[in-house]
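Notes for the structure review
The residues making up each chain are set out below.
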Amino acid sequence: RLERQAEQGAKNRQADAASVQFWQDRCERIPGPPQLPRLKHGGGESGRQRVDFQRATALLPQAEWEQIKHRAAALQVSANAMLLAAFAEVIRLYAEEPEFSLTVTMSERPVTRGNDFSGVVGEFTNILLCPVNGTQKQEIAQRASEIHRELGTSLEHNGLSGLDVVRLLRKQRNDPHLGFPVVF
């Protein structure tokens, strides 16, 4: 059933055979999600601790953002790849394994010449799985370059949606609950 869903998703996205083959081969090498520390059950009347999630935000001063963009340009990577590399290093501090995959969101809002989609309302988000390989001793510049290459290669083979890729991974690993909850 999962294979049919992935096949149907591929047909809906007009996937070419090369993209399907690319992701089937690549699924063998994609690491799982980062295994991060979790609270143990216990405490309270229900046996569970109350967990409060809070969103944290911060603004980067313009001068620092310009430095990041300048450094990224010197490395011939996107500023997003540089930020994703830094994010991955923070996740790596807490992850059980040094290799893992992160979910990267991307917009797939239709953009074509001559068509005005400005009045269209909808969810146009897709995901890419970004493997983070290497060791903790790797420099951030090297990690950013690897991430930039990974994302570029994945975008070249976008005939399958990110959810189709997760379905393929679930089937291949015989794990219907496999998910990639850490999102950049």
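Residues numbered from 1 in each chain as written. Predicted model: local features only at pLDDT ≥ 70, side-chain atom pairs only at ≥ 80, totals over all residues. Heavy atoms only, no water.

Focus on the overall build of the protein
What the protein contains, in helices and strands, is six helices and two strands. Secondary structure elements in the protein, listed N-terminal to C-terminal, are α-α-α-α-β-β-α-α. Per-residue burial for the protein yields a buried fraction of 32% across its 184 residues. Long-range contacts, defined here as pairs at least 24 residues apart, represent 71% of the contacts in the protein between residues at least 6 apart. Total accessible area on the protein is roughly 12700 Å²; 50% of this is exposed by carbon and sulfur atoms. (Helix = DSSP H or I, 4+ residues; strand = E, 2+ residues; numbered from the N terminus. Buried < 20%, exposed > 50% of the residue type's maximum accessible area, 1.4 Å probe, protein only. Contact = heavy atoms within 4.5 Å. Areas by Shrake-Rupley, 256 points an atom, 1.4 Å probe, with all protein chains shown as cover.)

Here's the deal with a nonpolar patch on the surface
Residues Leu39, Val51 and Phe53 make up a contiguous nonpolar surface patch of about 380 Å² in total accessible area. Mapping Phe53 onto the fold places it in the loop between helix H2 (17-26) and helix H3 (62-75). On the basis of relative accessible area, Phe53 is assigned to the exposed category, the value being 79%. (Patch = residues over 30% accessible without salt bridge, like charges linked within 9 Å, V, L, I, M, F, W, Y side chains within 5 Å. Salt bridge = Lys/Arg side-chain N within 4 Å of Asp/Glu carboxyl O.)

As for the packing of H3 against helix H4 (residues 79-94)
Two elements in contact, H3 and H4, have axes separated by 8 Å at closest approach and are oriented at 105 degrees. Between H3 and H4, the angle falls in the class roughly perpendicular. Counted together, Trp65, Ile68, Lys69, Arg71, Ala72 and Leu75 of H3 and Ala79, Met82 and Leu83 of H4 form the full contact between these two elements. Tallied by class, residues from the contact of H3 with H4 come to seven nonpolar, no polar and two charged. (Axes fitted to C-alpha atoms, helices over the stretch in contact; angles between N-to-C directions. Parallel < 35°, antiparallel > 145°, perpendicular 65-115°, else oblique. Nonpolar A, V, L, I, M, F, W, Y, C, P; charged D, E, K, R; others polar.)

Re the environment of Pro34
Here Pro34 is to be found in the loop between H2 and H3. In this structure, the C-alpha to C-alpha distance between Pro34 and Leu102, residues 68 residues apart in sequence, is 7.6 Å. When near neighbours in sequence (up to four residues on either side) are disregarded, Pro34 contacts Ile91, Ala95, Phe100, Ser101, Leu102 and Val182.

Re helix H6 (residues 162-172)
Taken residue by residue, H6 has Gly162, Asp164, Val165, Val166, Leu168 and Leu169 as its buried positions. Looking at the residues trailing H6, positive phi occurs at Asn174, about 50 degrees.

Observations concerning unusual backbone geometry
Phi at Gln76 is positive, roughly 60 degrees, even though this residue is not glycine. By secondary structure assignment, the location of Gln76 is in the loop between H3 and H4. A relative accessible area of 68% means that Gln76 is categorised as exposed. You will see that Asn174, though not glycine, has its phi angle at about 50 degrees, which is positive. For Asn174, the position within the fold is in the segment after H6.

Describing the pattern of salt bridges
Two side chains carrying opposite charge are able to pair once their charged atoms lie near each other. Throughout the structure, instances matching the rule amount to five salt bridges. Note that Glu150 is salt-bridged to Arg26, the shortest N-O span being 1.7 Å. Linking Glu150 in helix H5 (residues 140-156) with Arg26 in helix H2, this pair joins segments that are 124 residues apart in sequence. In this structure, Asp164 engages Arg167 in a salt bridge whose closest nitrogen and oxygen atoms are separated by 2.8 Å. Of this pair, Asp164 and Arg167 both sit in helix H6, separated by three residues, roughly a single helical turn.

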